[in-house]
Amino acid sequence: MAAAKLGIEEGQKLHALYGDDGEYYPAVVVATSAAKNRSKKPVKVTYNGYPEEVWVSIDALKSKKLGLAPKAATSAPEPKAKAKGKAKAKSAPEPKAKAKAKAKVKAKKERPASAAGQFKVCVCGGAGGIGQPLSMLMALDERVGELSVFDLDIAVVPAAGVAADLGHLERPSKVKAYSLDLKQKPVEELSDCLTGCHLVLVPAGLPRKPGMTRADLLATNAGIAKGIVEACAKFCPDAVVALIVNPVNSVVPAMAELYKKAGKDPAKIVGVTTLDIVRANKFVHEASDVSLKKINVPVIGGHAGTTILPLFSQVPACKDIPADKLVEMDKRTQEAGTEVVNAKNGKGSATLSMAYAGARLGKAVLAGLSGKKGVKEFAYVQSTIREGVGYFASKVIFGKGGVEKVLDIGTLNEHETTRLNELTPALKEEIQAGLDYAAGESLAC
Ligand code: NAD
Ligand code: LMR
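Residues numbered from 1 in each chain as written. Chains lettered and ligands numbered in written order. Predicted model: local features only at pLDDT ≥ 70, side-chain atom pairs only at ≥ 80, totals over all residues.

## Let's talk about the overall build of the protein chain
Argument step 1. Secondary structure assignment for the protein chain yields 14 helices and 15 strands.
Argument step 2. By sequence separation, contacts in the protein chain at least 24 residues apart represent 69% of the contacts at least 6 residues apart. (Helix = DSSP H or I, 4+ residues; strand = E, 2+ residues; numbered from the N terminus. Contact = placed C-beta atoms within 7 Å.)

This is the structure:
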């Protein structure tokens, strides 16, 4: 993604990775493309949790504004050198030096605890339609040091092939493959694959065919999810487990309940609804011509048909879109998955846009885990924001432990209020189907 597309602008303060100590430091962007006074190499930055490379002037990295000198390209400063620098600042208390020292302390405070390659991520179903592009997007993330690609030996492409392919990308991630046959149990076999994982993304499971509902997938996919979640509970209970597998509305409550029963934290189980936000954003952009940088549609409720509720009334870009057009866009957002299922004509459901959306969620989780403050993304999680609805999609803050806070849904207009009231019984029914599944199961961990 180009810096310009991300909305990075000159003069903007960002965290840039420079020097080779793998740490991000505050910097000021002076150029986002080839410019006279640019650095020889592009500098890596994080922006909204996304890694990117921009051309930044070395002078900017010296950053008069932030009082930062660039790190030596060869090594991180020794603690001794740091202490020396501090002593020097103390012995020369001119206003300029004081300000510099102050800025240095401030910069240190602002610096997120992230380092390149610090996270281990697993994609379960990693050789599938979503799994392959999602594995690629995660392998491209500089924060990912190890990527496990897990699939069954009946997958269309062997997991080993996907890992060999991704292993040649010029990124730090080491990509390893894990493959099981149908008789092998993840809980007995996936120790190496999952131990140490911070994030497990799960697009393993059957997709819909035309004429099917997502709920029709529950019988098969709940069993697949259970096998994987059981292994996570044993080998990486602290990891965020992001479930893409459908029906999200039922599989997430089922797996969270099983985690609870096993004495694990159900808040680690997160349902991925990001594709609904991605789609709604695109529809608003097309209807309004407003830049996508300025659009982030809240989509709440669940991830199936009428339970998908976009809150266009909260989006400034929608203010000039006629009410009937907004109702149409609401309907289209609900039916967008089916639009793709029908267009693929029996050969699967959304894979590429889902991989993009899954990576957006995955990157938000990693940004939170790395200590970045205020990372917000929508997700379907255990929730108390709607009375009597134990699982709900809304804006969530991701932090060092995963889901840190589930945020309220804000003010709804009349249409949205009616829709919310109508969707609630349907969502409750789907949640109950998940809880019923969990009632008869337990995790062997
Ligand atoms: P796919 O068939 O292309 O890939 C699924 C992969 O899972 C296959 O490679 C398969 O071998 C693997 N798999 C099956 N059982 C497994 C097991 N027990 N352990 C490990 N791997 C296993 O399907 P897809 O298009 O990638 O879709 C995957 C799932 O994601 C479906 O359930 C689909 O409905 C869902 N989906 C969800 C969203 C969403 O927004 N949450 C969007 C699109 C698709
Ligand atoms: C989607 O929204 O694209 C997915 O949930 C897949 C589906 O079955 O529609």
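Next comes the rest of the account.
## Quick word on the packing of helix H10 (residues 248-261) against helix H14 (residues 414-439)
Argument step 1. Interaxial distance between H10 and H14 falls to 7 Å at its minimum, and their mutual angle equals 40 degrees. On the basis of their axis angle, the class for H10 and H14 is oblique. The hand of the H10/H14 crossing is right-handed. Here Asn249, Ser250, Val251, Val252, Pro253, Ala254, Glu257 and Leu258 of H10 come into contact with H14, specifically with Leu427, Glu430, Ile431, Ala433, Gly434, Leu435, Tyr437 and Ala438.
Argument step 2. Split into classes, the residues belonging to the contact of H10 with H14 amount to 11 nonpolar, three polar and two charged. (Axes fitted to C-alpha atoms, helices over the stretch in contact; angles between N-to-C directions. Parallel < 35°, antiparallel > 145°, perpendicular 65-115°, else oblique. Left-handed = near helix turned anticlockwise from the far one by under 90°. Nonpolar A, V, L, I, M, F, W, Y, C, P; charged D, E, K, R; others polar.)

## Topic: the site of ligand 1
Argument step 1. Of all residues adjacent to ligand 1, which total 34 residues, the nearest are Gly125, Gly128, Gly129, Ile130 and Asn246.
Argument step 2. Listing elements by their share of the shell around ligand 1, those giving two or more residues are strand S6 (144-152) and helix H9 (218-235).
Argument step 3. Of the residues in the shell around ligand 1, the class split is 20 nonpolar, 12 polar and two charged.
Argument step 4. Taken domain by domain, the makeup of the shell around ligand 1 includes at least three residues from each of domain 2 (119-272) and domain 3 (274-432). (Near = placed C-beta within 6 Å. Domains from an automatic or database assignment.)

## Let's talk about the nonpolar core
Argument step 1. Val200, Val202, Ala242 and Leu243 are the most contacted members of the largest nonpolar core, which has 113 residues in total.
Argument step 2. No fewer than three residues from each of domain 2 (119-272) and domain 3 (274-432) sit in this core. (Core = buried A, V, L, I, M, F, W, Y, C linked by C-beta atoms within 7 Å. Buried ≥ 20, exposed ≤ 12 C-beta atoms within 10 Å, placed from the backbone.)

## Considering the site of ligand 2
Argument step 1. Neighbouring ligand 2 are the residues Pro207, Arg208, Arg214, Asn246, Leu275, Gly337, Thr338, Val340, Val341, Ser349 and Ala350.
Argument step 2. With four residues, helix H12 (residues 323-344) is the largest single contributor of residues to the shell around ligand 2.
Argument step 3. Each of domain 2 (119-272) and domain 3 (274-432) contributes no fewer than three residues to the shell around ligand 2.

## Things to note about the pairing of strand S8 (residues 199-202)
Argument step 1. The alternating pattern of S8 places Leu199 and Leu201 on one face and Val200 and Val202 on the opposite face, and all of these are buried.
Argument step 2. Inspection of the sheet shows strand S5 (residues 119-124) paired to S8 by three bridges, in the parallel sense. Among the inter-strand pairings, Val123 is bridged to a residue of S8, identified as Leu201.
Argument step 3. The handedness of the S8 to strand S9 (residues 240-243) crossover, carried by H9, is right-handed. (Pairing = 2+ DSSP bridges. Right-handed = clockwise from strand over helix to strand, strands pointing away.)

## Considerations on the environment of Pro253
Argument step 1. The topology assignment puts Pro253 in helix H10.
Argument step 2. Taking the C-alpha atoms as reference points, Pro253 and Glu430, separated by 177 residues in sequence, lie 9.1 Å from one another.
Argument step 3. Not counting the four nearest positions on each side in its chain, Pro253 is found in contact with Gly390, Tyr391, Ile431, Gly434 and Leu435.

## Description of the packing of helix H5 (residues 131-139) against helix H13 (residues 352-369)
Argument step 1. Where H5 meets H13, the axes come as close as 8 Å, and the angle between the chain directions of the two elements is 35 degrees. Considering the relative orientation of H5 and H13, their crossing is right-handed. Between H5 and H13, the contacting residues are Pro133, Leu134, Leu137 and Met138 on the first element and Leu352, Ala355, Gly358, Ala359 and Gly362 on the second.
Argument step 2. Partitioning the contact of H5 with H13 into residue classes produces seven nonpolar, two polar and no charged.

## A few points about unusual backbone geometry
Argument step 1. Here the bond from Asn246 into Pro247 is cis, since omega is 0 degrees, no more than 30 degrees from zero.
Argument step 2. Counting through the fold element by element, Pro247 comes out in the loop between S9 and H10.
Argument step 3. Even without being a glycine, Asp289 presents a positive backbone phi close to 70 degrees.
Argument step 4. In this structure, Asp289 sits in the loop between helix H11 (274-288) and strand S11 (299-301).
Argument step 5. Given 9 C-beta atoms within a 10 Å radius, Asp289 is considered exposed.
Argument step 6. Positive phi is not limited to glycine here, since Asn345 has a value of about 50 degrees.
Argument step 7. Within the secondary structure, Asn345 is located in the loop between H12 and H13.

## Considering the confidence of the model for the protein chain
Detailed reading of predicted coordinates is not advised where the pLDDT is low.
Argument step 1. For the protein chain, per-residue confidence averages 85 on the pLDDT scale, and 74% of positions sit at 70 or higher.
Argument step 2. Considering only residues more than four positions removed or in separate chains, one finds that residues 58-94, a stretch of pLDDT under 50, has 49 contacts.
Argument step 3. Here residues 105-114 is a poorly scored stretch, pLDDT under 50, and it has 19 contacts once near neighbours within four places are set aside; other chains count. (pLDDT = per-residue confidence, 0-100.)

## Examining H9
Argument step 1. If you check H9, its first and last C-alpha atoms are 25 Å apart, about what 18 residues at 1.5 Å a residue would give, namely 26 Å.
Argument step 2. Of all 18 residues in H9, 14 are buried; the element is thus mostly enclosed. (Expected span 1.5 Å × (residues − 1).)

## Observations concerning the environment of Asn281
Argument step 1. Summarising the element assignment, Asn281 is placed in helix H11.
Argument step 2. Residues Asn281 and Thr333 lie 52 residues apart in sequence; the distance between their C-alpha atoms is 9.7 Å.
Argument step 3. For Asn281, the residues in contact, after removing those within four places along its chain, are Leu292, Ile295, Asn296 and Val297.

## A word on H5
Argument step 1. In terms of residue burial, H5 counts as a mostly covered element, since seven of its nine residues are buried.
Argument step 2. Those residues of H5 that fall on the buried side of the exposure criterion are Gly131, Gln132, Leu134, Ser135, Met136, Met138 and Ala139.
Argument step 3. Residues of H5 that are buried make contact with S5, S6, helix H6 (159-166), strand S7 (174-180), S8 and H13.

## A look at the environment of Phe119
Argument step 1. Mapped onto the elements of the fold, Phe119 is located in strand S5.
Argument step 2. By the C-beta count within 10 Å, which is 26 here, Phe119 ends up buried.
Argument step 3. With 250 residues separating them along the chain, Phe119 and Leu369 place their C-alpha atoms 9.1 Å apart.
Argument step 4. Apart from residues lying up to four places away in sequence, Phe119 is in contact with Arg143, Val144, Gly145, His198, Leu199, Leu366 and Leu369.

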